[in-house]
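Inside the fold
Here is how the chains run, residue by residue.
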Amino acid sequence: MARRKILVPESRAALDQLKARVTGAADPADAKFEAAREQGIPLQKGYNGKLTSEEAGKVGGRIGGSMVQELIRMAKNNLKD
């Protein structure tokens, strides 16, 4: 899976922690498995070629969408303060 280029490379650790927080995973590396489990998608470590594009998209969409929502919430709170 290709990672998108981050505009500020130093933010990688913070983004990984955010990913773990929004999915409820203890470790950022397990975030996609937690998101898949919540949706009943049989994602496992290693080869996942039997997943449909729709299933794979649901996992990534769930994570990315939740991260964007949390970042917006954080920005709104910062503007209030």
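Up top is the structure.
Here is a short report on the structure shown in this document. (Residues numbered from 1 in each chain as written. Predicted model: local features only at pLDDT ≥ 70, side-chain atom pairs only at ≥ 80, totals over all residues. Heavy atoms only, no water.)

Bringing the pattern of salt bridges into the picture now. Applying the stated criterion across every chain, the model contains six salt bridges. Between R37 and E34 there is a salt bridge, with its nearest N and O atoms 2.5 Å apart. Taken as a pair, R37 and E34 lie in helix α2 (residues 31-38) at a separation of three residues, close to a single helical turn. Residue R37 is classed as exposed on the basis of its relative accessible area, which comes to 55%. The salt bridge partner of E70 is R73, with a shortest N-O separation of 2.5 Å. Residue E70 and its partner R73 are both found in helix α3 (residues 53-80); the two are separated by three residues, about one turn of the helix. (Salt bridge = Lys/Arg side-chain N within 4 Å of Asp/Glu carboxyl O. Helix = DSSP H or I, 4+ residues; strand = E, 2+ residues; numbered from the N terminus. Buried < 20%, exposed > 50% of the residue type's maximum accessible area, 1.4 Å probe, protein only.)

Those residues of α2 not exposed but buried are A31, F33, E34, A35 and A36. Packed against the buried residues of α2 are α1 (12-23) and α3. (Contact = heavy atoms within 4.5 Å.)

This brings us to the environment of A36. Structurally, A36 is set in helix α2. Excluding its chain neighbours within four sequence positions, the residues that come into contact with A36 are I41, L43 and V59.

Moving on, we get to α3. Counted at 1.5 Å a residue, the expected span for α3 with its 28 residues is 40 Å, and the 40 Å between its end C-alpha atoms agrees. For α3, every residue scored as buried is listed here: V59, I63, S66, M67 and E70. Each element contacted by the buried residues of α3 is listed here: α1 and α2. (Expected span 1.5 Å × (residues − 1).)

On to the nonpolar core, then. One finds L18, A35, A36, I41, L51, V59, I63 and M67 forming the largest nonpolar core, which totals eight residues. Residue assignment for this core shows that the elements contributing at least two residues are α2 and α3. Take this core: its biggest share by element is three residues, from α3. Apart from the residues within four sequence positions on either side, I41 is in contact with A36, L51, E55, K58 and V59. (Core = buried A, V, L, I, M, F, W, Y, C linked by side-chain atoms within 4.5 Å.)

Scope: geometric values only; no functional claims are made or implied.
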